[in-house]
Amino acid sequence: MTALTIATQPIAGQKPGTSGLRKKTPVFMGPHYLQNFVQAIFDAIGGAAGKTFVLGGDGRYFNDSAAQIILKMAAANGAAKVIVGQHAVLSTPAASHLIRLNKTDGGIIMSASHNPGGPEEDFGVKFNMPNGGPAPEAVTEAMYQRTTEITEYRISDAPDIDLGRVGATTLDGMAVEVVDSVTDYAALMETLFDFPAIRAMFAGGFTMRFDAMCAVTGPYATEILENRLGAAKGTVTHGTPLPDFGGMHPDPNPTWAHELMDEMMGPNAPDFGAASDGDGDRNMVVGRGVYVSPSDSLAVLAANAHLAPGYARGLAGVARSMPTSAAADRVADALGIGKFETPTGWKFFGNLLDAGRATLCGEESFGTGSDHVREKDGLWAVLLWLNILAVRQQSVAAIMAEHFARFGRNYYSRHDFEAIATDKADAMMAALRASLPDLAGHEVEGMTVQGADDFAYTDPVDGSVSAKQGVRILFTDGSRIVMRLSGTGTEGATLRVYLERFTPGPDGLDHDPQEALAPVIRAAHQLARIGEFTGRTEPNVIT
Ligand code: VG1
Ligand code: CO
């Protein structure tokens with residue numbers, strides 16, 4: 001067995017987006033494509049020699065052969081050891097935990113997360129740092145630079161190793177430890193939540209549906225919810241991970257998790273419903289007859305986290321991405337704790353978590369997490385909800401109503417316009433940006449623009465600056481429009497329009513969000529001239 005040096009050439013477009021590099025699977029399987037990017041990762045972090053990494057993915061098509069390639073490249077680059085999930089499967093939060101637990105030098109996660117998988121769908125690769133969190137912008141930029149100048153990569157010619165058997169082995173002199181994908185993660189969850197209380201709730205007849213969407217959380221949810229917490233067998237549906245997610249779009253929102261939504265809104269709804277995404281870092285939470293928006297979920301979790309043992313000491317602070325509603329800010333103000341507003345993408349929470357300034361973090365895109373790992377964590381959020389429900393002994397609907405009565409309600413929705421021609425989307429955003437300086441004082445739909453800008457973030461810990469993170473238009477009545485283009489898509493451009501309007505209560509707290517937001521939605525279309533630029537008047541997905 002030898003480490004081979006293979007000549008290669010730069011491949012255009014290997015620029016990581018919001019969360020790693022995502023491309024169509026055939027692109028990733030093309031000659032040298034994965035290899036170039038993996039070598040660029042190793043080069044950008046100062047080489048792999050002597051280092052230990054974690055490796056796993058969400059099990060989508062190409063996951064297994066990509067893992068063999070990455071292992072052989074790690075060996076040829078002199079890595080000391082790689083810890084791999086069995087069958088090369090790890091949820092993103094489980095990978096983050098293993099990186100931290102084993103004090104490794106980082107990890108490679110193979111996933112395109114909430115994007116569909118399969119031979120013609122999406123694949124992705126991202127690198128997480130020794131703190132367990134996604135590589136910050138400076139590091140992903142260094143990787144990208146490296147891909148533009150790469151001339152060779154190193155790979156062992158050793159045969160594939162058996163990733164199905166848990167235990168230690170070696171690959172061309174590098175130690176490989178295949179670990180059960182679930183065990184360490186489940187143990188971490190037991191340290192954070194009151195498992196006996198949740199178990200008692202299930203034993204008392206509490207019912208739940210967890211839709212794993214044929215993605216990575218199936219085995220995690222089955223072990224934790226059914227085996228350890230005693231939820232009825234069959235609580236977890238679509239629990240077997242499939243390479244193409246059974247043709248489903250593994251994105252837990254009311255559109256793509258419609259089976260769960262139908263059940264939760266139907267006559268025989270269980271008490272609680274939840275779904276997770278391709279790589280297990282997202283969560284959607286639904287009560288019987290009531291959908292909980294991710295922004296509201298973050299706020300409720302912040303207000304109630306102290307009810308779970310892992311957070312009994314209270315929270316240092318709450319961080320949210322800029323497009324996420326201000327509902328969590330209201331809780332932070334009431335609790336007298338820190339609040340932070342970051343750009344979209346989990347990599348921006350890492351410093352706040354490491355510095356102990358934020359304990360909970362969340363994004364409007366169904367992502368919630370805490371300082372237990374450095375990724376968002378779908379099952380963690382579901383377990384925190386279950387712990388809160390077990391303590392409060394109330395329905396989700398009652399908890400939401402009480403929350404809105406106490407804090408007021410930030411009506412919120414996101415409208416996505418997918419697969420727009422990139423040039424049209426860019427032209428629309430450019431025109432919108434150009435209009436911002438003159439918007440203040442402008443009247444639209446009976447609302448007055450208070451100010452408009454392009455969000456720029458200065459990291460309070462390391463001082464790094466990230467500019468152009470989304471256009472925001474603020475109105476004097478507290479309403480807000482945010483617009484940005486997605487950084488995770490693989491086809492054309494996706495325009496995301498984030499809409500928010502605050503109602504203090506006590507009246508008007510139980511409207512349909514789309515109705516409550518109607519003037520804000522119309523204002524967004526007028527101000528950005530969405531139809532004129534893109535030819536689209538209706539979004540594809542509303543969350
Ligand atoms: C989207 C979400 C963002 C999230 C990212 C990764 O990014 O908006 O909040 O962090 O996906 O989520 P974008 O650039 O498409 O808006 V995951 O679960 O796909 O890793
Ligand atoms: Co994800």
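It should be noted that the structure appears before, not after, this text.
Structure report, in brief. In this text the structure is predicted, and so the values were computed from the model without any measurement.

1. Observations regarding the site of ligand 1
In the vicinity of ligand 1, 20 residues are found, and the nearest of them are Thr 18, Ser 113, His 114, Ser 365 and Thr 488. Between Ser 113 and ligand 1, the recorded distance is 2.5 Å, taken from a side-chain N or O atom to an oxygen atom. Ser 365 has a polar side-chain atom sitting 2.6 Å from an oxygen atom of ligand 1.

2. Let's talk about the packing of aromatic side chains
Counted by the stated rule, this structure contains twelve aromatic pairs. Measuring from ring centre to ring centre gives 5.6 Å for Phe 42 and Phe 53, while their planes differ by 35°; the resulting arrangement is tilted. Residue Phe 42 is found in helix 2 (residues 33-44), and its partner Phe 53 is found in strand 3 (residues 52-57); the two are separated by eleven residues along the sequence. A residue is classified by how much of its surface remains accessible, and Phe 42, at 1% relative accessible area, is buried. With relative accessibility at 3%, the residue Phe 53 sits in the buried group.

3. Concerning the pattern of salt bridges
Counted under the stated rule, the structure contains 35 salt bridges. Here Asp 122 makes a salt bridge to Lys 24, at a shortest N to O gap of 3.0 Å. Of the two residues, Asp 122 is situated in strand 6 (residues 122-128) and Lys 24 in strand 2 (residues 21-24); the sequence distance between them amounts to 98 residues. You'll find Asp 122 and Lys 24 in the same group, each marked buried. For Arg 165, the salt bridge is made with Asp 162, and the minimal N-O distance between the two is 3.8 Å. The class for Asp 162 is partly exposed, based on a relative accessible area of 45%. Taken together, the shared-partner salt bridges in this structure form one network comprising Arg 320, Asp 329, Glu 341, Asp 453, Arg 472, Arg 480 and Glu 500.

4. Observations concerning the coordination of the cobalt ion (ligand 2)
Distances from the cobalt ion (ligand 2) to its protein donors, namely Ser 113 (OG), Asp 277 (OD), Asp 279 (OD) and Asp 281 (OD), fall within the range 1.8 to 2.1 Å. Taken in chain order, the donor set of the cobalt ion (ligand 2) reads S-x163-D-x1-D-x1-D.

5. Quick look at the sheet that holds strand 18 (residues 367-370)
The sheet built from four strands is open, its strands ordered 16-15-17-18 with mixed pairing. Strands at the two margins of the open sheet, each flanked by one partner only, are strand 16 (338-342) and strand 18. Pairs of neighbouring strands in the sheet enclose a mean axial angle of 15°, with direction left out of account. Bridging between strand 15 (residues 317-321) and strand 16 involves five bridges; their strand directions are parallel. Bridge assignment links Val 318 to a residue of strand 16, and that residue is Lys 339. Helix 11 (residues 327-335) contacts strand 15 and strand 16 of the sheet and is inclined by roughly 160° relative to strand 16.

6. Comments concerning the environment of Gly 463
Assignment of secondary structure puts Gly 463 in the loop between strand 22 (457-458) and strand 23 (465-466). Gly 463 sits in the partly exposed class, given a relative accessible area of 42%. With 430 residues separating them along the chain, Gly 463 and Tyr 33 place their C-alpha atoms 34 Å apart.

Rules used in this analysis
Residues numbered from 1 in each chain as written. Chains lettered and ligands numbered in written order. Predicted model: local features only at pLDDT ≥ 70, side-chain atom pairs only at ≥ 80, totals over all residues. Heavy atoms only, no water. Near = heavy atom within 4 Å. Polar contact = N/O pair within 3.5 Å; in protein donor to acceptor, adjacent residues only side chain to side chain. Phe/Tyr/Trp six-rings, centres within 6.5 Å; stacked < 30°, edge-to-face > 60°. Helix = DSSP H or I, 4+ residues; strand = E, 2+ residues; numbered from the N terminus. Buried < 20%, exposed > 50% of the residue type's maximum accessible area, 1.4 Å probe, protein only. Salt bridge = Lys/Arg side-chain N within 4 Å of Asp/Glu carboxyl O. Donors = N, O, S within 2.8 Å, 3.2 Å for Na, K, Ca; no water. Pairing = 2+ DSSP bridges. Axes fitted to C-alpha atoms, helices over the stretch in contact; angles between N-to-C directions. Contact = heavy atoms within 4.5 Å.

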